[in-house]
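# Secondary and tertiary structure notes
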Amino acid sequence: MQKNAIALTGGGARGAYQVGALRAIYEIMGEDENLFQIITGNSAGALNAVYLAAHADNWDIATSQLWDLWKSIRPQDVFDLGALSVGKLGSKWITGTVFGGLKPEGSKANHLLDTAPLRQLIEREVDFKKLNANIQRGKPEGFAVSTTNLYSGVSVVFHQNQHEVTPWSRSDRFSKQTDITSDHIMASSAIPLFFPPVQVEESFFADGCVRQTTPLSPAIHLGADKIIAIGIRSEKNSEVVRQKSFMHNPDPTIGQIAGILMNAVFLDALESDVERLSRINQTLYHLDPSKRDQYFQNLKSIPILLLRPSQDLGLMTAQLSKELPTMLRYLLKGIGVTGNEGLDLLSYLAFDKSYSIPLMELGFDDTKARSEEIKRFLAL
């Protein structure tokens, strides 16, 4: 039986775009049963992925309820914006940077926002017992989330499968088969410096996108025959990028710099990996069958379809700041997220319906526009 895989990459609040695309895939295919035997996720993609895997018995219900969840999401559902929490963290950073050098252990400040509400949201919305039961009966057969270990500096892929899977290890990543819990999802979505590191077993982990240079790798190792990947980066016009690179700009704020760094972490790896897999597929296609069987018997062609936004998701936050809670606007303004500065950074933290709804609608419309292509791709 053909194993279809869905790979959901990271990107904080930009993950709402994936939800619209997933709902459109359901409407295009008209199948209530989960179309994907393998589900993988990074960062915010891990949040969407675990929800789908835990509700895999009905694709209609899974995608519609995930849409409803993102439609009503608020920043307070993801991080604690109470004055006491923000004050404690602010005090910790101030005392750590100013007086941390006087302490033997140095500063212990390692995050700006408390994500206790996000854990509560995950544990409320995801039935991990049902997730385990679904995987045991093969719906889906395999599920994986990627994390970054903050001490070894490598990508660790935690996965759960119906059957044993051969472990894999490379210089920058390795796998571990285990029962997935909320700890793994929190770790995969812990944006460095903004969200706190998450302890899994004896070590500490952060966002899976930081060191996951091959986001398609987990799906391939779990046995995918075809992969649909949903990205969160629009195609760039090279001439526009060139002009912007040499036009007059003000001194960049911390928010502007952080946004560029976040883009490097979240946006670059998927496109490179899709290009790499496409080249491998083309090479295998052109090889003489006898040579392929002789020298490349461990390789197979894995068709890949990349779905991505038709618009820049960062620019879509330009009118958003006034919709956000006062405390979050205050914190973001403090690092220079104001006007047209730092919009990319804002797009990762804007867990608000005023942003998530337009993104879901865009994801839905973009994917619907490719209906015939998706039908041909997923055809058995």
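Note: the structure precedes this text.
Thresholds, definitions, all that
Residues numbered from 1 in each chain as written. Predicted model: local features only at pLDDT ≥ 70, side-chain atom pairs only at ≥ 80, totals over all residues. Heavy atoms only, no water. Salt bridge = Lys/Arg side-chain N within 4 Å of Asp/Glu carboxyl O. Helix = DSSP H or I, 4+ residues; strand = E, 2+ residues; numbered from the N terminus. Expected span 1.5 Å × (residues − 1). Buried < 20%, exposed > 50% of the residue type's maximum accessible area, 1.4 Å probe, protein only. 1 Å grid on protein atoms, 1.4 Å probe; cavity = no way out; pocket = protein on both sides within 12 Å on 5 of 7 lines; lining within 4 Å. Points joined across faces, edges and corners; volume = space filled by probe spheres on them.

### Observations regarding the pattern of salt bridges
Tallying each qualifying case throughout the model produces 17 salt bridges. For Arg23, the salt bridge identified is with Glu27, shortest N-O distance 3.7 Å. With a gap of 4 residues between them, Arg23 and Glu27 both fall in helix H1 (residues 16-29), about one helical turn apart. Between Glu373 and Arg370 there is a salt bridge; the shortest N-O distance is 2.9 Å.

### Details of H1
Between the first and last C-alpha of H1 there are 21 Å, a value that for 14 residues agrees with the 20 Å anticipated at 1.5 Å per step. By the burial criterion, the buried members of H1 are Ala16, Tyr17, Gln18, Val19, Gly20, Ala21, Leu22, Arg23, Ala24, Ile25, Tyr26 and Ile28. Immediately downstream of H1, the backbone of Gly30 shows phi near 65 degrees, a positive value.

### Regarding empty space enclosed by the protein
Following the criterion strictly, the structure yields 5 cavities of 30 Å³ or more and no others. In this structure, the largest cavity encloses a volume near 210 Å³. For the largest cavity, the lining is made up of 21 residues, of which Leu47, Leu69, Leu118, Leu121 and Ile122 are closest to its centre. Going through the elements one at a time, helix H2 (44-54), helix H3 (59-71) and helix H5 (116-125) are the ones with two or more residues in the lining of the largest cavity.

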